[in-house]
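Coordinate analysis (summary)
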Amino acid sequence: TFPTEAQTICAEAVDRIDELPAAADAATPEARGATVAEANEILTAMVADLRAIAPTEGQDARLTRLWLEDWDTYLTDREAFAAALAAGEDAELLVTSRGAGQITVTLDHFAMVNDMLACSTPLDA
């Protein structure tokens, strides 16, 4: 049941983020940072909600835990980005790499194979 419930949780978060002003269209880095920070709060709550319903036993639990840990890392990357923008820097979102690519590849792949596309990494920043 995790993928079905997760898709609903993530879709609600995506809807809330979609209601925010487009961060990339902000007039200043500070304004963009404020929007990214607000989206980060939504995503942090989403991950907490996902963690609350995650499987607790077996291989599914292990894989889901690793996926949620990657979400934690991605959120840390986004928080650093928002802080740099808030400080007036013309920053870019630097995503942690693991192996041959960014962790967003793994995040998005897990979401895709489990039919929870709303749980893919957002393109809002």
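Preceding this section is the structure that the text describes.
Residues numbered from 1 in each chain as written. Predicted model: local features only at pLDDT ≥ 70, side-chain atom pairs only at ≥ 80, totals over all residues. Heavy atoms only, no water.

1. Looking at the overall build of the protein chain
Here is the rule we go by: The numbering of helices and of strands both runs from the N terminus, where a helix is a DSSP run of H or I of at least 4 residues and a strand a run of E of at least 2. Burial here depends on accessible area, computed with a 1.4 Å probe over protein chains only, as a share of the maximum for the residue type. Under 20% is buried, over 50% is exposed, and the range in between is partly exposed. The contact rule is simple, with two residues in contact once any of their heavy atoms fall within 4.5 Å. For the accessible areas, the method is Shrake-Rupley and the probe is 1.4 Å, while residue cover comes only from the protein chains on display. Positive: Lys, Arg. Negative: Asp, Glu. His and the chain ends are not part of the count. The atom standing in for a charge is NZ when the residue is Lys, CZ when it is Arg, CG when it is Asp and CD when it is Glu.
Regarding its fold elements, the protein chain presents four helices and two strands. Viewed in the frame of its principal axes, the protein chain has a C-alpha envelope of about 45 × 30 × 20 Å. Looking at the protein chain as a whole, 38% of its 125 residues are labelled buried. Once local pairs closer than 6 in sequence are excluded, the contacts in the protein chain between residues at least 24 apart make up 68%. Entry remark: accessible area of the protein chain is about 7000 Å², with carbon and sulfur atoms responsible for 53%. Separation between the mean location of the 7 positive side-chain charges and that of the 23 negative ones in the protein chain comes to 7 Å.

2. Re a nonpolar patch on the surface
Which entries qualify depends on this criterion: Candidates for patches are residues over 30% relative accessible area with no salt bridge; among them, like charges are joined within 9 Å and nonpolar side chains (Val, Leu, Ile, Met, Phe, Trp, Tyr) within 5 Å. Take a side-chain nitrogen of Lys or Arg and a carboxyl oxygen of Asp or Glu: if they are within 4 Å of each other, that pair is a salt bridge.
A cluster of nonpolar residues, M112, V113 and L117, forms a patch on the protein surface that exposes about 310 Å² of accessible area. Relative to the helices and strands, L117 resides in the segment after α4 (103-113).

3. Brief notes about the state of the cysteines
Let me state the cut-off plainly: Two cysteine sulfur atoms make up a disulfide if the distance between them is within 2.5 Å.
Overall, the coordinates contain one disulfide when judged by the stated rule. Here C10 connects covalently by a disulfide to C119, the sulfurs 2.1 Å from one another. Measuring handedness by torsion sign, the sulfur bridge of C10 and C119 sits at about 95° and is right-handed. Taken together, the residues C10 in helix α1 (residues 2-18) and C119 in the segment after α4 connect sequence positions 109 residues apart. Across this residue pair, the class does not change: C10 and C119 are buried.

4. Considering unusual backbone geometry
Positive phi outside glycine occurs at D115, with the angle close to 55°. If you trace the backbone, D115 turns up in the segment after α4.

5. With respect to the pattern of salt bridges
Applying the stated criterion across every chain yields a total of four salt bridges. Across the salt bridge formed by D124 and R78, the nearest N and O atoms sit 2.8 Å from each other. Taken together, the residues span a long stretch of sequence, with D124 in the segment after α4 and R78 in helix α3 (residues 58-86) at a distance of 46 residues. This pair shows no difference in class: D124 is buried, exactly as R78 is.

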